[in-house]
Amino acid sequence: MITKELDCFNIAQICDSGQCFRMRQKHDNTYSVIAGNEYLEVTQNGNQCTFHCDERKYETFWREYFDLNTDYKKYIESIDEQDQYLKKASEFGFGIRILNQDLWEMIVSFLISQQNNIVRIRRCIDNICECYGEKRFDGSGKLYYTFPQAEALAELHEDALKDSNLGYRSKYVVRTAKSLTEGEVSLEAIKQMPYKEAKTELMKLYGIGEKVADCICLFALHHFEAFPVDTHIRQALEGHYPDGFPAERYNGCEGVMQQYIFYYELMGKKMNK
DNA sequence: ATACAGGTCTTAA
DNA sequence: TTAAGACCTGTA
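- Where an unreviewed UniProt entry is consulted, chain A appears under the name DNA-(apurinic or apyrimidinic site) lyase, with the organism given as Anaerostipes hominis.
- In its Sequence similarities (unreviewed entry) section, the UniProt entry covering chain A states "Belongs to the type-1 OGG1 family."

Written as structure tokens, this is what we have:
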């Protein structure tokens, strides 16, 4: 177990920010997450964060995963004093971080996310992990499933994932898996590309449009200049930025601001009611 | 009941 | 180039 005192880190906010669909609340202050081949539980009390793993795993995997080398306070402090809306949003979601998640997993996750709600997205991803992923046990015997490889999904019939509750998105995932295993598009190449090139390349995949491509760029490739615009963000922009979001001012960290806004729109409203 | 979820693709003007 | 329609399914 590793305990750290962390600023701008709140596991509950990260869990609810809708970028990782394999993170859950376990108990009051404890959350679980599955990433790559690993399972982790995190307990947080105030600034004290306990990672239930050994130091080596923390240093070689989870530190990078949670983006703990990045100073988010710097981004929050860079917010325009005049912009009360963004200031409130960042105060509300001060502990959000942009995770470093697996590229293939984010492609599938955000293909599924379109025109969908977060509860069902989670269920869909659980389903395909249990159906096509591999069984694993963590140190204390806890069973979990890894995210399936592209090869496992590429061989399916285009409608096969309807059984996993994907609906019409089934063929998007299967065809995309095929494109990747056949080498039509290379994930390793995409990882080396700058933002705009990577986005263009991702949009060659069936079912990936501008919004989903931006989510993938932000959550897997760590391109902070990506600013995904979905229905919630569009509403917020119409209400608070009639002349457009001041992207120039937040050049290079638009995606971080997007997350504060998204979380504030999603969770802030829920708490008002 | 009807609209809407972290949209994209297809088809027609 | 733009705009309407279709698309799975669950929830409020």
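## Description of the environment of Glu41
Turning to step 1, where the next piece is worked out: By the element assignment, Glu41 lies in strand 4 (residues 38-45).
Turning to step 2, where the next piece is worked out: A residue is classified by how much of its surface remains accessible, and Glu41, at 18% relative accessible area, is buried.
Turning to step 3, where the next piece is worked out: The spatial distance from the C-alpha of Glu41 to the C-alpha of His52 is 5.4 Å, given a sequence separation of eleven residues.
Turning to step 4, where the next piece is worked out: Setting aside residues no more than four positions away along its own chain, Glu41 makes contact with Lys26, Thr30, Tyr31, Ser32, Thr50, Phe51 and His52.
Turning to step 5, where the next piece is worked out: Separated by 3.1 Å, the side chains of Glu41 and Lys26 make a polar contact.

## Quick word on the side chain of Asp230
Turning to step 1, where the next piece is worked out: Checked against the element boundaries, Asp230 lands in the loop between helix 11 (210-219) and helix 12 (231-240).
Turning to step 2, where the next piece is worked out: It turns out Asp230 is buried and unbridged, and the closest side chain with the opposite charge, Lys211, is 5.3 Å from it.
Turning to step 3, where the next piece is worked out: Looking at Asp230, its side chain comes within polar contact range of the side chain of His232, at 3.3 Å.
Turning to step 4, where the next piece is worked out: Once residues lying within four places of it in the same chain are set aside, the contact partners of Asp230 are Lys211 and Phe262.

Rules used in this analysis
Residues numbered from 1 in each chain as written. Chains lettered and ligands numbered in written order. Predicted model: local features only at pLDDT ≥ 70, side-chain atom pairs only at ≥ 80, totals over all residues. Heavy atoms only, no water. UniProt positions renumbered as here; feature names shortened; annotations may be inferred. Helix = DSSP H or I, 4+ residues; strand = E, 2+ residues; numbered from the N terminus. Buried < 20%, exposed > 50% of the residue type's maximum accessible area, 1.4 Å probe, protein only. Contact = heavy atoms within 4.5 Å. Polar contact = N/O pair within 3.5 Å; in protein donor to acceptor, adjacent residues only side chain to side chain. Lys, Arg positive; Asp, Glu negative; His and termini not counted. Salt bridge = Lys/Arg side-chain N within 4 Å of Asp/Glu carboxyl O.

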